[in-house]
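A look at the structure
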Amino acid sequence: IIRKYIRTANGQKIKNMEIILMSHFIESIFQLPPPVRREPLTLEIAGITYPDPGYRINRPNGSTSYVLEYIIRGRGQLRMMDHCWKPQAGDVYVLQPGIPHEYFSEPSDPWEKLWFNIGGDLLDKLFAAYGIGGTTVFPQCPLRREFETGLEIVKRRRPDAATELALAMHRIIAGLGRWKERNPENTRSPEGLKLKEHLDAHWRRNVPLEELCALIRRSKAQTLRIFRRDWETTPHAYLQSQRLRLAQEYLKNTDYSVK
């Protein structure tokens, strides 16, 4: 059921707002007018999710654009690539296009969220420039004002909204980059974690690159890029460093000889 209405806020009327009831949850949905030319940043949809115990999103094939969400309040779970996070109030999470995922609210304390589904060449370059392409969850990342500013731009639908939104997205991504610099231990991607866990479990043998590619269903170039981005080394070099570390532990804690 889709209902269009006009809301009065601070004496001004906000038009083109839609409330969409899907299954058991309610969201405010916002969009920009179709662009007259090709834009470097394209908004698919943006909105506000209101608390509801039945809220759940499942995308078996992933999304067609980046998903950026800020949690105002509540708790929930995010599952992707055999990993599970529990984002809560104050957290931001980012989902990359094409990666299967599922997320849902905890029934006893459901989410209220601000979010954007957005894509384009500019977004790809910003994520790469700030080095956050592999990060999924940003705990306690203080970007609520930036998300609210971006949503306000979309709601107003002014002629220069696309440019304003691009600047707002830059501020959000720059904020995520600053958070990563301050919290380097929390920035591993699910694919990078899965690769490392596999190497840690099979350190006694040589693990071919083809095996790692099959593990995360990526090409050789992509697999190497993901591992370097998350661990600042190659899989082979990481495996060798782990063997050396374990050898050192054996020498320190056993009576084994160097040979």
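The preceding data block contains the structure.
Predicted model, so just to flag it, every value in this text is computed and none were measured.

Taken as a whole, helix 1 (residues 121-129) has its buried residues at Leu123, Leu126 and Phe127. Around the axis of helix 1, the buried residues are gathered within 100 degrees of arc, so they sit on the same side. Every exposed residue of helix 1 that faces more than 90 degrees away from the buried side is listed here: Lys125, Ala128 and Ala129. If you follow the buried residues of helix 1, they end up packed against strand 6 (66-73), strand 9 (92-95), strand 11 (112-119) and helix 3 (161-182).

So, about the pattern of salt bridges. Inspection of the entire model under this criterion finds 14 salt bridges. The partner of Arg56 in a salt bridge is Glu102, with the nearest N and O atoms 2.6 Å apart. Placement of Arg56 in strand 5 (residues 56-59) and of Glu102 in strand 10 (residues 101-105) is noted, with a sequence separation of 46 residues between them. Classification of Glu102 by relative accessible area gives buried; the value is 18%. When the shortest N-O distance is used, the salt bridge between Lys113 and Glu69 registers 2.4 Å. Separated by 44 residues along the polypeptide, Lys113 in strand 11 and Glu69 in strand 6 bring together distant segments of the chain. The same class applies to Lys113 and to Glu69, which are both buried.

What counts, and where the lines are drawn
- Residues numbered from 1 in each chain as written.
- Predicted model: local features only at pLDDT ≥ 70, side-chain atom pairs only at ≥ 80, totals over all residues.
- Heavy atoms only, no water.
- Buried < 20%, exposed > 50% of the residue type's maximum accessible area, 1.4 Å probe, protein only.
- Helix = DSSP H or I, 4+ residues; strand = E, 2+ residues; numbered from the N terminus.
- Arc of directions from axis to C-beta.
- Contact = heavy atoms within 4.5 Å.
- Salt bridge = Lys/Arg side-chain N within 4 Å of Asp/Glu carboxyl O.

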